[in-house]
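What follows is the residue order along each chain.
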Amino acid sequence: MSAATHGAGGLHPLLELEASVSLDRAAGSGGALEATVTGPDPHEFLAAALDWHFSPATGSPLWLDLARGLDFDPRRDVRSWADLARFPDIAGALRDRPVEDLLPRGLQGGPVPSVFETGGTTGAPKRLLYTPGWVERVLRWKVAELRAAGFPEGGGWLVAMPSGPHAYGHTARLQARELGSVLFTVDLDPRWVRKAIAAGSDPRGYVGHLVQQVRHVVTSQRVRALTTTPPILAELLLDDEVAQRLAEVEYVALAGAHLDQDTYELLTEALPTAVVQNIYGSTMVLTTARLRDPAAPPADAVYDGYPPFVSFSVVDPQTGEPVAAGERGQVRMAHVSSGVFIPNNLERDSAVRVPGLRPEISDALAQPAPLASFEGEQVVQGVY
């Protein structure tokens, strides 16, 4: 990783600053867990990141090419986290650009990153690079959060979520290993079911196919934790034998599809012994968000990023300007690390703006919900 050196041979400042970021959770009022983030001065971190991504020696071919079309100099003119909105949304480039062009030159020659893809909700999937360092960092965060939520370590864990080109299956396997849990998996292909729905086909056949596989695991194995989508769980609970088994599960994570409060209450009635978490995140920022209160129901849940790496803002979709705290707007996310620079990614979701833990970097989100359409495409949700 010779290009990552800087000046007289030391590490680039961004790599040093990344190593200084820590995340701690402490008991807060009302028994909830409150997360605190400590780390470098945010402006120092941002300046180092911009230097890294826009220096010919360390930047990626993608960003060095894009920089030539900008009407500003990122290293000179970007002075705040709010200025990240000046960058273009590069989601389109991530659909077709060769992945070699996404890797910063400062990391070339180092450990090979993994490539994961988005679900393809709004068109062709986008590809993201997950460096081994980032995967390890997120693994530490998520394992700590699962323990804080009461995950039954050592118990069987069934994950019925997308695997294959998607990050979820890969990261769940790593987490299970850290938690000493046997992992059972059922693969979910979100692209197939969305394609079927968009074409006017009935998705119930595919849902039945998934439920049959999950049923076999639940009725034959000792499953103490479950991760799946709200529509799949709802279908599972219609089966009396499966519902009886799931009533003994201790931890349930729901992700991949919108969960409203009414559905949450119906589902949790059938899961009397389980901590139920409603997970929200995006492959575009390489992780799920952090629940401020691990057991909060959807109506009360607050989602934080991981500043300075992952930050959120809530903006007016017409003007791009931040909405006031307590108001709903479109979610914009950013990822800033040595491996990836996605400064201005508009999501397919809206959310209510909540003050973040480090408000100079990031908002927090409440009540996220999908938009009806995005980038001219109808947002199709099926089982994921």
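Residues numbered from 1 in each chain as written. Predicted model: local features only at pLDDT ≥ 70, side-chain atom pairs only at ≥ 80, totals over all residues. Heavy atoms only, no water.

Naming follows an unreviewed UniProt entry, where the protein appears as Phenylacetate-coenzyme A ligase PaaK-like adenylate-forming protein of Nocardioides zeae.

A short note on the pairing of strand β16 (residues 310-315)
Selection criterion: Relative accessibility decides the category of a residue: with a 1.4 Å probe and only protein chains considered, values under 20% of the type maximum give buried, values over 50% give exposed, and everything between is partly exposed. Numbering of helices and strands runs from the N terminus, with a helix taken as a DSSP run of H or I at least four residues long and a strand as a DSSP run of E at least two residues long. Pairing between strands is defined by DSSP: at least two bridges between them are needed.
With six of six residues buried, β16 lies mostly within the body of the structure. Going residue by residue along β16, you find Val 310, Phe 312 and Val 314 tucked away on one face and Ser 311, Ser 313 and Val 315 tucked away on the opposite face as well. The pairing of β16 with strand β17 (residues 328-336) spans six bridges and is antiparallel. The residue bridging Phe 312 from the neighbouring strand is Met 333, located in β17.

Some details on the pattern of salt bridges
Put simply, the rule reads: Salt bridges are identified by distance alone: a Lys or Arg side-chain nitrogen within 4 Å of an Asp or Glu carboxyl oxygen.
Within this structure, the stated rule accounts for 17 salt bridges. As a salt-bridge pair, Asp 65 and Arg 97 come within 2.4 Å of each other at their nearest N and O atoms. One end of the pair, Asp 65, is in helix α3 (residues 61-67); the other, Arg 97, is in the loop between α5 (93-96) and β5 (114-117), and 32 residues separate them in sequence. Among the residues examined, Asp 65 registers a relative accessible area of 32% and is labelled partly exposed. Under the relative-accessibility criterion, Arg 97 is labelled partly exposed at 23%. A salt bridge links Glu 360 to Arg 358; its shortest N-O distance comes to 3.6 Å. Counted as one network, the salt bridges with shared partners bring together Asp 65, Arg 68, Arg 97 and Asp 101.

A look at the packing of aromatic side chains
Formally: Stacked, tilted and edge-to-face are the three classes assigned to paired rings of Phe, Tyr and Trp, where Trp is represented by its six-membered ring and a pair needs centres within 6.5 Å; plane angles under 30 degrees give stacked, over 60 edge-to-face, the rest tilted.
A full pass over the atoms with the stated rule returns 17 aromatic pairs. Between Phe 45 and Trp 81, the ring centres sit 6.4 Å apart and the planes meet at 15°, which makes this aromatic pair stacked. Remark: Trp 81 occurs in the loop between α4 (74-77) and α5 and Phe 45 occurs in helix α2 (residues 42-54); sequence separation between them is 36 residues. Comparing Phe 45 with Trp 81, the two get one shared label, buried. Measuring from ring centre to ring centre gives 6.2 Å for Trp 141 and Phe 309, while their planes differ by 45°; the resulting arrangement is tilted. Of this pair, Trp 141 sits in helix α6 (residues 132-149) while Phe 309 sits in the loop between β15 (302-304) and β16, placing them 168 residues apart in sequence.

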